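Reading the structure
These are the residues of each chain, in order.
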Amino acid sequence: MDYKQKVTAALTAALDGQLTADEISNKIERPKTSDKGDLAFPTFTLAKVLHQAPQQIAKDVAAKLDTTGFEKVEVVGPYLNFFFDKNAFSEETLKTVLTEGADYGKNEEGAGGNVPIDMSSPNIAKPMSMGHLRSTVIGNSIAEILTKNGYHPIKDNHLGDWGTQFGKLITAYKLWGNEADVKRDPINKLVEYYVRFHKEDVEHPELDDEAREWFRKLEAGDPEANKLWAWFREASLQEFSQVYDELGVSFDTFNGEAFYNDKLEEVVQILKDKHLLVESQGAQVVDLSKYDLNPALILKSDGASLYITRDIATALYRDRTYAPAKNLYVVGSEQAYYFKQLKAVLTEIGLPSASKLQYVPFGLITVDGKKLSTRSGRIILLAKVLEESVKLAGEEINEKNPDLPNKEEVAHQVGVGAIVFGDLKNERTNAIDFVLADQLKFEGETGPYVQYAHARAESILRKAASVDVKAGGNEISDPEAWDTIKTLADFPATVKMACAELEPSVIAKFAIRLSKTFNKYYAHSKILAEDAELPARLALVKAVSTVLKESLRLLGVQAPDEM
Ligand code: ARG
């Protein structure tokens, strides 16, 4: 039962068309403290419409209001404060959570529509950056949230495995490379060659010519070039997979840029047929001045394709393969301008799904104040950050719970969870500086804090294993329980909002709120006291555990039963 709807319905009837249901619903507030009711309606907007004092209006409306299903409705100044029937509300909420279990909060709004998610997409022969980590965990969580809302996401890793940089890399490898070195430590070695290339080409610009020639050969299918490329790609993917395994993220497709290599001719043909290609200084561009954007460079003067050429082919492919309901690109905000250009070109082409293209940007991430950059060679390896986090989590657990049997597994769940949660609790467009030690704290708004609340709930349930958990029959008299129950009831709306905004932080913030209200309840109440209320209290604990676990799952974070 959605109480906001109930309040809206009662007010709509009482107001007799003076405001629409939507207008009313948008004005309904959640009071900060329960003594001001569970939901409140301010009458200021009505005062403007009716030219009357809001206090008077509040009184008049209250007199006409049908209050069935509410404990009471109080008029306080310009406000109407609605108090829910606690018994009925608790019973119904808990019953719903317990019967639906992990499905609680699920809806079918997506109607099975396909949603390709372009996510993670690191570049071959370079370390995966913290930015790629953000794309991975944000994309993964958005996929879970979409599924919960009835969509069918397709997680596509658009690997940066093509482009002129491979000409540079092959040139560098042929000059300074060593097979055994690359086999031992692929990405580090390849980066070393790449960095050296950029140092030396300052004084030896002929290196650039050579690199261009190698890329031309690569695009033309030259066997030597392609063999080296395939090897660099495979070795890099193996290193990336370690990070994906750590994070527990999988992909449906790895259609990187190279996948579209044989689909570029068609792109050029389409652009030509639509008279969109114009020559500019020997290169082929699409003019975007009517969008107030710089022209998109499609083919260089030597005929080489570009990032955007491959992205147009990608969009075409996704359009045909999936007929997307939404088409998402989870890519750092530094590419905002680029995605405007891409969308503009696709619109010019008249691609059916062009309007569905949604760029899902996120802010820059620094770790302990340090920025990441490949070219300068100053790299914080993502794998190292994860490793460090697991190590610190292990130390914390050793101290808090030395007898825990599966310490290593839990350290892993907590260490990785801290990083994922620490990222996702921020609105994605915010820049974040990640201070690892802060995210690992068991107090404050952290992953371990939420995991700990869940483990605490599970521990209570273990102690009371013999009691029959039952949602109804008994009123839960603790006032502290009430906030927890109301928070549980907000979960379905939260799931919808996270989907509408493509914003995992909505779920993370909800998980923090539920943990906080539950911890307060836990601190103030004797949950395990053996009296008539016990089964109902345990039902509440069970519901909290279920919803916390499900919230964490939507974020891609595990929920150990003990920690
Ligand atoms: N590989 C790119 C990078 O690391 C991100 C690719 C984003 N996806 C896309 N379809 N352009 O910057």
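Bear in mind the structure is a predicted one, so any value in this text is a computation, not a measurement. Numbers given for residues are sequential positions, taken from 1 along each chain in its written order. Local features are withheld for residues below a pLDDT of 70 in this predicted model, meaning they are given only at 70 or higher, and side-chain atom pairs are given and counted only at 80 or more; totals for whole chains, interfaces and linings count all residues.

1. Some remarks on the site of the ligand
Here, nearness means that the C-beta atom of a residue, built from backbone geometry, sits within 6 Å of the molecule or strand in question. The local shell around the ligand consists of Asp118, Ser121, Pro122, Asn123, His158, Gly160, Asp311, Thr314, Tyr329 and Val331. By the criteria applied, helices consist of DSSP H or I runs no shorter than four residues and strands consist of E runs no shorter than two, each listed in order from the N terminus. If you list the elements that add at least two residues to the shell around the ligand, you get α13 (307–322) and β9 (327–332). Charged means Asp, Glu, Lys or Arg here, nonpolar means Ala, Val, Leu, Ile, Met, Phe, Trp, Tyr, Cys or Pro, and polar covers whatever is left, Gly included. Taken together, the residues of the shell around the ligand sort by class into three nonpolar, five polar and two charged.

2. Here we look at the nonpolar core
For this analysis, nonpolar core means a set of buried Ala, Val, Leu, Ile, Met, Phe, Trp, Tyr and Cys residues linked through C-beta atoms within 7 Å. The exposure scheme places C-beta atoms from the backbone and then counts, for each residue, the other C-beta atoms within 10 Å of its own, assigning buried at 20 or more, exposed at 12 or fewer, and partly exposed in between. Grouped together as the largest cluster of nonpolar side chains are 101 residues, with contacts concentrated most on Leu540, Val544 and Leu548. Broken down by element, this core gets its largest block of residues, 12 residues, from helix α22 (residues 534–555). Here, residue contact means that the backbone-derived C-beta atoms of the two residues sit within 7 Å. Leave out the neighbours within four places in its chain, and Leu540 touches Leu94, Ile476, Ala481, Thr484 and Ile485. Counting 24 residues, the second-largest nonpolar core is a separate cluster that includes Phe166, Ala172, Leu218 and Ala225.

3. Quick look at unusual backbone geometry
At His51, a position not held by glycine, the phi torsion is positive, near 55 degrees. By the element assignment, His51 lies in the loop between α3 (44–50) and α4 (54–64).

4. Re the sheet that holds β9
The parallel open sheet is built from four strands, whose spatial order is β5-β4-β9-β10. Two strands close off the open sheet at either side, each with one partner strand: β5 (152–156) and β10 (357–362). On average, each strand axis in the sheet is inclined to that of its neighbour by 20 degrees, with strand direction left out of account. As paired elements, strand β4 (residues 114–118) and β5 share five bridges and run parallel to each other. Across the sheet, Asp118 pairs through a bridge with Asp156, a residue of β5. Sitting on the sheet, helix α6 (residues 130–148) touches β4, β5, β9 and β10, and the angle it makes with β9 is about 155 degrees. Along the sheet, α13 contacts β4, β5, β9 and β10; its crossing angle with β4, the most-contacted strand, is approximately 155 degrees. By this definition, two strands are paired if DSSP reports at least two bridges between them. To get an axis, fit a line to the C-alpha atoms, keeping to the stretch in contact for a helix; angles then go from 0 to 180 degrees between the N-to-C directions.

5. Quick look at the UniProt feature "domain: Arginyl tRNA synthetase N-terminal" (unreviewed entry) in the protein chain
UniProt's entry tags residues 5–84 with the feature "domain: Arginyl tRNA synthetase N-terminal" (unreviewed entry), counted in the numbering of this structure. Across residues 5–84, the secondary structure splits into 45% helix and 21% strand, with the terminal C-alpha atoms separated by 12 Å. UniProt positions are given in the numbering used here, feature names are shortened, and annotations may be inferred rather than shown by experiment.

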